[in-house]
Every structure is written in C-alpha cells, then in structure tokens.
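Commentary on secondary and tertiary structure
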Amino acid sequence: MRLNYVETGPADAPVVLLGSSLGADQRMWAPQVDVLAQRFRVIAFDHRGHGGSDVPEGPYTIDDLGGDVVELLDALEVEQASYVGISLGGAVGLWLAQNAPERFHRLVAICPPSNLAANPQPWIDRAAQVRAEGTQSITDATLGRWFLPEFKDTDPVRQMLLDCPAEGYAACCEALSTTNLLPKLADITAPVLLITTDSDTSVPPETVVPLASQIPGAHLEIIENAAHLVTYSHPDVINPLLVAHLA
Ligand SMILES: O=C(O)CCC(=O)CC(=O)O
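Okay, so let's go over this structure. Note that the coordinates shown come from a computational prediction; the quantities given were computed from them, not determined experimentally.

**Things to note about the pairing of strand β3 (residues 41–45)**
When you tally the buried positions in β3, you get five out of five residues, the bulk of the element. Alternating positions in β3 separate into two faces, Arg41, Ile43 and Phe45 on one and Val42 and Ala44 on the other, with burial throughout. Examined bridge by bridge, strand β1 (residues 5–8) and β3 share four bridges and lie antiparallel to one another. Across the sheet, the residue bridging to Glu7 is Ile43, located in β3. Bridging between strand β2 (residues 15–19) and β3 involves five bridges; their strand directions are parallel. Across the sheet, Leu17 pairs through a bridge with Ile43, a residue of β3.

**Re the site of the ligand**
As a matter of local geometry, the ligand sits amid Ser21, Leu22, Ser87, Leu88, Trp123, Arg126, Thr142, Arg145, Trp146, Leu176, Ser202 and His228. A distance of 2.6 Å separates an oxygen atom of the ligand from a polar side-chain atom of Ser87. Take His228: an N or O atom from its side chain is 3.0 Å from an oxygen atom of the ligand. Contact with the protein chains covers 99% of the free accessible surface of the ligand, which is 310 Å². Secondary structure elements with two or more residues in the shell around the ligand: α4 (121–133) and α5 (139–146). With three residues, the single largest contributor to the shell around the ligand is α5.

**Description of the sheet that holds β3**
If you walk across this open sheet you meet the seven strands as β1-β3-β2-β4-β5-β6-β7, and the pairing is mixed. Strands at the two margins of the open sheet, each flanked by one partner only, are β1 and β7 (219–223). Direction aside, neighbouring strands of the sheet carry axes that sit 15° apart on average. In the packing of helix α11 (residues 235–246) onto the sheet, the strands contacted are β2, β4 (81–86), β5 (104–110), β6 (192–197) and β7, and the crossing angle to β5 comes to about 160°.

Reading the values: the criteria
- Counting from 1, residues in each chain are numbered in the order their sequence is written.
- Totals for whole chains, interfaces and linings use all residues, but because this is a predicted model, local features are given only for residues with pLDDT of at least 70 and pairs of side-chain atoms are given and counted only at 80 or more.
- As a rule here, side-chain values come from all non-hydrogen atoms in the structure, and water together with hydrogens is ignored.
- Each residue is assigned to one of three classes by its accessible area relative to the maximum for its type, calculated with a 1.4 Å probe on protein chains only: buried under 20%, partly exposed between the two thresholds, exposed over 50%.
- Helix numbering and strand numbering both begin at the N terminus, where a helix is a DSSP run of H or I of at least 4 residues and a strand a DSSP run of E of at least 2.
- By this definition, two strands are paired if DSSP reports at least two bridges between them.
- Residues are classed as near a molecule or strand on a simple rule: at least one heavy atom within 4 Å of it.
- Any pair of N or O atoms that falls within 3.5 Å is considered a polar contact. Within protein, one atom must be able to donate a hydrogen and the other to accept it, and sequence-neighbouring residues count only if both atoms are side-chain atoms.
- Here the open area of atoms and residues is found with the Shrake-Rupley method and a 1.4 Å probe, where only the protein chains shown may cover a residue.
- Angular values range over 0 to 180 degrees, each being the angle between N-to-C directions of two axes fitted as lines to C-alpha atoms, with helices fitted over their stretch in contact.
- Note on contacts: a residue pair qualifies if any of its non-hydrogen atoms lie within 4.5 Å across the two residues.

Okay, here's the thing in structure tokens:
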C-alpha cells in the first residue's frame with residue numbers, strides 16, 4: 001500500500017500525523033499545518049482510496065486503514081508519534097490508540113464516529129450510490145452537513161470531494177459500516193482530547209460526549225456554533241486546543 005503524505009516542519013521535531021475525513025485529503029489540514037509546523041514535524045497523509053494514495057478495490061476495514069498508518073510510521077522509521085484525526089480520521093485515531101498504543105504518544109479525535117456498525121445500512125447504501133454515480137452525487141449534501149450556512153469558503157472542500165476516487169470513497173463507507181470502537185475504549189492509555197461541536201449532523205455530539213467518560217482521563221471540548229468540519233471552519237478555536245494538547 002502506497003500512502004501519499006505531505007511533510008512540513010523541522011525534521012528533528014516530534015512527529016504529529018494528521019488523518020482526514022471521508023472524501024477529503026491532506027489539503028483539508030491547510031488551516032492547521034503552518035501553526036503546528038512551528039513545533040512539530042507534521043505529516044498529513046491520505047487514507048487509502050483518497051487523495052494521492054493507492055486505491056485498492058474495496059471493501060476496506062478500519063483494521064486496513066489503521067494498519068496503513070502503522071506501516072507509514074514504519075516506513076518513515078518513526079518509533080512514536082502523536083495523531084490528530086477528524087471524523088473517519090478520528091475513528092482511525094481511536095483504533096490506533098487501541099491497537100498500537102506503544103506507537104502513539106498523544107491523540108486528538110475530532111468528531112469521531114465510534115459505532116456505525118450499529119446502523120450499517122446508510123453506509124452500504126452510500127457506497128452503492130457513489131460507485132454508481134460518483135462523488136458528485138453526494139457533494140452538496142455532504143457540504144450541507146459539514147458547514148453551517150454562514151460559512152461560505154467551501155469550494156476547496158467541494159473540490160477535494162470531487163477529486164476523491166469513487167471506489168476509495170465507497171470502500172471507506174464500507175469500512176465505517178463495520179466499525180465499532182466502543183468495546184476497547186477503556187483500554188486506551190494515551191492522553192486523549194475529544195472534540196465535538198454543537199451542530200454536527202454527520203457525527204452528532206450525543207455520540208461523542210459519552211466517549212469522554214469511557215476513555216480513561218480523556219478531555220472533552222464542545223465547540224459552539226460549528227458543524228462537522230470544524231478544523232476547516234474554526235481554525236482559530238481548534239488550533240490552540242491542538243497545540244495545548246500536543247505540546
Ligand atoms: O466525515 C467522515 O469522515 C465520516 C462521517 C460522515 O458522516 C461523513 C459525512 O458527513 O459525509
């Protein structure tokens with residue numbers, strides 16, 4: 001598996017990996033990269049099936065997506081890193097904290113879905129739709145969930161969704177449809193910052209808030225007047241939280 005990544009910041013600084021949301025790629029971290037790169041070696045990567053990474057035929061699983069990140073660390077000869085992920089990328093972060101705890105120092109999980117296996121059919125349906133009609137068929141609805149109407153700068157994110165390979169998007173929907181991270185939350189030992197928002201209709205806050213009491217020592221932040229892609233719409237709020245937790 002060849003994963004695309006973009007590296008910024010001092011080569012000898014502590015490593016922070018950035019994992020994106022479904023249908024997006026490493027470009028979505030533009031509002032964070034320069035701030036984080038002042039202190040960290042920032043590695044923003046594309047999940048398999050996304051951006052410039054390989055696009056094997058699906059379905060994928062959360063084990064595949066998490067295993068790719070561990071292999072990326074191995075390939076870069078990085079023993080330990082911190083990890084920031086949003087949505088699909090946040091679920092991958094929880095998987096990493098559960099399954100490769102020795103490789104991860106600190107974790108930030110932003111709007112992470114944790115048990116979509118409880119209701120898999122919408123994800124199976126979305127995979128079928130995207131395989132049949134492409135990602136353009138879900139772009140308007142996705143942007144409507146990801147941003148409040150007053151946020152206007154959505155064109156770069158629209159372009160990422162349009163650029164996302166249909167097979168990669170669909171196969172990651174299938175990965176989400178079988179993902180249940182709840183049983184091993186209590187095993188997580190890394191310090192975790194959980195972030196949710198008051199207006200997230202993709203991964204509603206009521207599915208994220210309970211995770212904070214199940215992950216030992218987790219800290220929870222609820223961002224007001226924000227929807228799902230809060231890293232993109234509210235960097236002034238999110239970036240200081242990231243720096244404070246990762247430093
Ligand atoms: O955004 C993600 O990575 C997955 C969660 C989701 O519901 C995506 C969406 O709103 O399309």
